Amino acid sequence: AYEGRSHPTALLADWLPRLPRGRALDVACGAGRNALYLAAQGFEVTALDISSVALERGRRAALERGLAIEWLCADLDEDPERVLPAGGFDLIVWARYVHRTLMPHLLARLDSGGSLVCEQHLVTDAPVAGPTSAEFRLASGELRGAAQALHIDYSYEGLVVDPDGRSVALTQLIGSTTA
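Cut-offs applied
Residues numbered from 1 in each chain as written. Predicted model: local features only at pLDDT ≥ 70, side-chain atom pairs only at ≥ 80, totals over all residues. Heavy atoms only, no water. Helix = DSSP H or I, 4+ residues; strand = E, 2+ residues; numbered from the N terminus. Rg over C-alpha atoms; globule rule 2.2 N^0.38 Å. Buried < 20%, exposed > 50% of the residue type's maximum accessible area, 1.4 Å probe, protein only. Contact = heavy atoms within 4.5 Å. Phe/Tyr/Trp six-rings, centres within 6.5 Å; stacked < 30°, edge-to-face > 60°. Lys NZ or Arg CZ within 6 Å of the ring centre and 35° of its normal. Salt bridge = Lys/Arg side-chain N within 4 Å of Asp/Glu carboxyl O. pLDDT = per-residue confidence, 0-100.

A. Local environment of the overall build of the chain. A count of helices and strands for the chain gives 6 helices and 7 strands. Counting from the amino terminus, the chain carries its helices and strands in the arrangement α-β-α-β-α-β-α-β-α-β-α-β-β. The globule rule puts the C-alpha radius of gyration for 179 residues at 16 Å, and the 15 Å found for the chain is close to it. For the C-alpha atoms alone, the extent of the chain along its principal axes is close to 40 × 35 × 35 Å. Relative to its 179 residues, the chain shows a buried fraction of 48%. Looking at the chain alone, contacts between residues at least 24 apart form 61% of all its contacts between residues at least 6 apart.

B. Structural view of unusual backbone geometry. Even without a glycine there, the phi angle at Ala-28 is positive, about 55°. Phi at Arg-96 is positive, roughly 60°, even though this residue is not glycine. Of note, Arg-96 is situated in the loop between strand E4 (89-95) and helix H5 (103-107).

C. Layout of the packing of aromatic side chains. On inspection of all chains with the given rule, the structure shows 1 aromatic pair. When the ring centre of Trp-15 is taken as reference, the NZ or CZ atom of Arg-18 above it lies at 4.0 Å. We note Arg-23 situated over the ring of Phe-89; from NZ or CZ to the ring centre the distance is 4.1 Å.

D. Broad picture of the pattern of salt bridges. If you walk through the whole model with that rule in mind, you get 10 salt bridges. Among the salt bridges present, the one from Arg-82 reaches Glu-78, with a minimum N-O distance of 3.9 Å. Classification of Arg-82 by relative accessible area gives exposed; the value is 56%. For Glu-78, a relative accessible area of 58% gives the class exposed. The partner of Arg-100 in a salt bridge is Glu-142, with the nearest N and O atoms 2.6 Å apart. Of this pair, Arg-100 sits in the loop between E4 and H5 while Glu-142 is found in helix H6 (residues 142-146), placing the two residues 42 residues apart along the sequence.

E. Focus on the confidence of the model for the chain. Looking at the chain, pLDDT values average 93 and 96% of them are 70 or higher. Of the regions scoring below 50 in pLDDT, residues 1-5 engages in 13 contacts with residues more than four places distant in sequence or in other chains.

As structure tokens, then:
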């Protein structure tokens, strides 16, 4: 649903000046809106998604902009430990792809002093955009609970207006490992 958008998540754009530089992983990147943004900001980016069609869109956009990004096609539902790239990431971005057992695999790939920027759809009764099934939304407190191993730098749950004007219910978290 986000493949046609070229802007990064507002959370990432707002926090980027405070986040570590270096290697970045964009998990479930779609057409790479966050990956493209990070590469333009000087990160060495690896972007992973299940959709080869979305990844091809990202590749073309990167080529047009002169950006170098490593694009990986993989299904995280099968075996995250096997398909995720090796660690040493300074920043991992995980936006709007609910996978309840993925957190430990991502945390294992963060370098000391690295940060995770995570934004997921939140269960709500409010009329919002996004998945209709609660299976693809996190319950209140679920993201924070999964990230207990991190130092929580920022956490928010509630309604957010996306840049396209649509209202969404999100749980957001930025956490870091100890340096």
